[in-house]
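Observations on the model geometry
One letter stands for each residue in the lines below.
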Amino acid sequence: MRYPATLTVNGVPYPVEIEPSASLLQVVRDVIGLTGSKEGCDDSECGACMMLLDGKPVNSCSYLALQAAGREITTVEGLSDGDELHPLQQAFLEEGGVQCGFCTPGMLISASALLRSSPSPSDEEVRIALGGNLCRCTGYDGIVRAVQRAAKEMAGSRSN
Amino acid sequence: MDRRYFQPTTVEETVGILAEHPGADVVAGGTDLVVGARSGKRPLGETLVAIHDVYELRGIAERPDGGLHLRALVSHDELEAHPVVRGRWSALADASALVGSPATRASGTLGGNLANGSPAMETGSPLLVFDATVELVSRQGRRDLPISELLQGPGTTARRPDELVIGVVLPPLPAGSVGSAYVRLEYRRAMEIAVVGAAALLALDDGGRISDGRLALTAVAPVCLRVPAAEAILAGADPTGEAIAEAAAAAAGAAKPIDDVRGSAAYRLAMVPVIARRALELALRRARGETLPVPAARALESGDH
């Protein structure tokens, strides 16, 4: 049977009816219609589906949607401020951290979780934070540089 | 399938549901259960009992006797970050820090790791060397099992279907200067499970001799297991390179590895003394007061990444 629930995604509450086995990714993409998060492997290996749940990264392809009810869900659509890109998004563009783009939403979400808890990470910490996100084309060096660039810009804007 | 979903908020409510719905799947972070269903390993059960809102199953508490109480919903990232776990039960912090990715560690719980019962489970060997006891509750009552009795075989535990893992008790550490470490052989650092793993605990007396030496192995037998033959060599010995090498070599005698996609049985067997020696050496450094990174294996690496 379907169960009524309210999923709050990027601050917006969405009343939905959900099968118990439905994944958070399925409901956010197919029912709510936010398609920024991607389905890659569908079993938690690749990280393309990464969302934040109460501020922490979660593989939404393998997380039951009903378990996310009443909690704060953040997807890549929630990073920008209207048309103004998040510093991470801007830095990915400038450092060449994007090629095909399929892994990018998950990379951005994992990186945003890192910068919340560790605003000036070492390269090592960036690589550990992105350890559950696979990129199969552009490579990781530009992505690590982009996260470091965003960290510096965010630190700069905080001190201004 | 008309699947049912329950989201209890107390242990009493949870075990009531388990009693009335035999075979129900308990789900916390879903990092084994739901991932296993997605990858085709085993479909989700007809009844799902989501326990993430059972707040009495959260938290890490120091016990008056000097031990530690870990409730079932403690996540790997909590274990990795907790100062008392890192400082005193370091092998467990090492193990939790190696689980999956940041997302796996944020969702995956200690109770889930135990109930899943994988021979490659990261927390198994650390809990074995700490002589942990697992707390189970059903509507019939409570029973406590040593971790060695909980783990029965690959994916098999002594937990009955109507029982809920509610926590783990770590008794006080042995007397003396104690250090512990968990290391594993792995092909990549993230989203990996142990090819071979080992946890070691060493307690040193005032003269620097080993008063208590413990060793457990991961992913080389149907369950994680202690190695009495190695521990007999360590007991009372001076912690020399020779003694550690001899104990590590003896560990191979306890291993009954299988061939699988991660490695052949022969390769695993050859690597047991290597990984056991690393765990013992890192435990010794901690027992001598050195502060090592978590996970400890990072102390053995060179270069930026």
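Note: the structure precedes this text.
Residues numbered from 1 in each chain as written. Chains lettered and ligands numbered in written order. Predicted model: local features only at pLDDT ≥ 70, side-chain atom pairs only at ≥ 80, totals over all residues.

On to the overall build of chain B, then. A tally of regular secondary structure across chain B gives 12 helices and 14 strands. Taking the principal axes of the C-alpha coordinates as reference, chain B spans close to 60 × 45 × 35 Å. Per-residue burial over chain B gives 53% buried out of 305 residues. Long-range contacts, defined here as pairs at least 24 residues apart, represent 65% of the contacts in chain B between residues at least 6 apart. (Helix = DSSP H or I, 4+ residues; strand = E, 2+ residues; numbered from the N terminus. Buried ≥ 20, exposed ≤ 12 C-beta atoms within 10 Å, placed from the backbone. Contact = placed C-beta atoms within 7 Å.)

Once that is clear, we can look at unusual backbone geometry. Residue and element names in this part refer to chain B. Going from Val294 to Pro295, the amide bond is cis rather than trans, its omega being 0°. Although it is not a glycine, Met191 sits at a positive phi angle of roughly 50°. Its place among the elements puts Met191 in the loop between β11 (177-185) and β12 (196-204). Residue class for Met191 comes out partly exposed when judged on the 19 C-beta atoms lying within 10 Å of it.

For the rest of this paragraph, the subject is the sheet that holds strand β13 (residues 210-218) of chain B. Residues and elements named next belong to chain B. A sheet is described by the order of its strands in space; here four strands give the open sequence β11-β12-β13-β14, paired in antiparallel fashion. In this open sheet, the two edge strands, each paired with only one partner strand, are β11 and β14 (225-226). Bridge count between β11 and β12: nine bridges; the pairing is antiparallel. Of the residues in β12, the one forming a bridge with Val178 is Ala203. Contacting β11 and β12, helix α5 (residues 90-98) crosses the sheet at an angle of about 25° to β11. (Pairing = 2+ DSSP bridges. Axes fitted to C-alpha atoms, helices over the stretch in contact; angles between N-to-C directions.)

Residue and element names in this part refer to chain A. Contact geometry of helix α3 (residues 104-117) with helix α5 (residues 141-159) gives a least axis separation of 11 Å together with a crossing angle of 45°. Considering the angle they form, α3 stands oblique to α5. Between α3 and α5 lies a crossing of right-handed hand. In contact with Met107, Ala111 and Leu115 of α3, α5 contributes Ile143, Val147, Ala150, Ala151 and Met154. Split by residue class, the contact of α3 with α5 holds eight nonpolar, no polar and no charged. (Parallel < 35°, antiparallel > 145°, perpendicular 65-115°, else oblique. Left-handed = near helix turned anticlockwise from the far one by under 90°. Nonpolar A, V, L, I, M, F, W, Y, C, P; charged D, E, K, R; others polar.)

With that settled, the discussion passes to the interface of chain B and chain A. With 27 residues of chain B at the interface, the matching set in chain A holds 29 residues. The element best represented in the side of chain B that touches chain A is helix α6 (residues 102-107) of chain B, accounting for five residues. Across the side of chain B that touches chain A, the residue classes break down as 12 nonpolar, nine polar and six charged.

All names here are of chain B. When strand β4 (residues 60-62) meets strand β5 (residues 68-71), the two strands line up antiparallel, connected through three bridges. Considered in β5, the bridge of Glu62 is made with Leu68. Here β4 hands over to β5 after five residues, with Gly66 in that stretch at a positive phi of 95°. Where β5 and strand β10 (residues 164-170) come together, four bridges link them in antiparallel fashion.

Here the focus is the sheet that holds strand β7 (residues 141-146) of chain B. All names here are of chain B. Pairing in this open sheet of five strands is antiparallel, and the strands run β4-β5-β10-β6-β7 from one edge to the other. What marks the edges here is a single partner per strand, and that holds for β4 and β7. Direction aside, the axes of adjacent strands within the sheet are offset by 20° on average. Both strand β6 (residues 133-138) and β7 contribute to a ladder of six bridges, which runs antiparallel. Paired with Leu136 across the strands is Arg143, a residue of β7.

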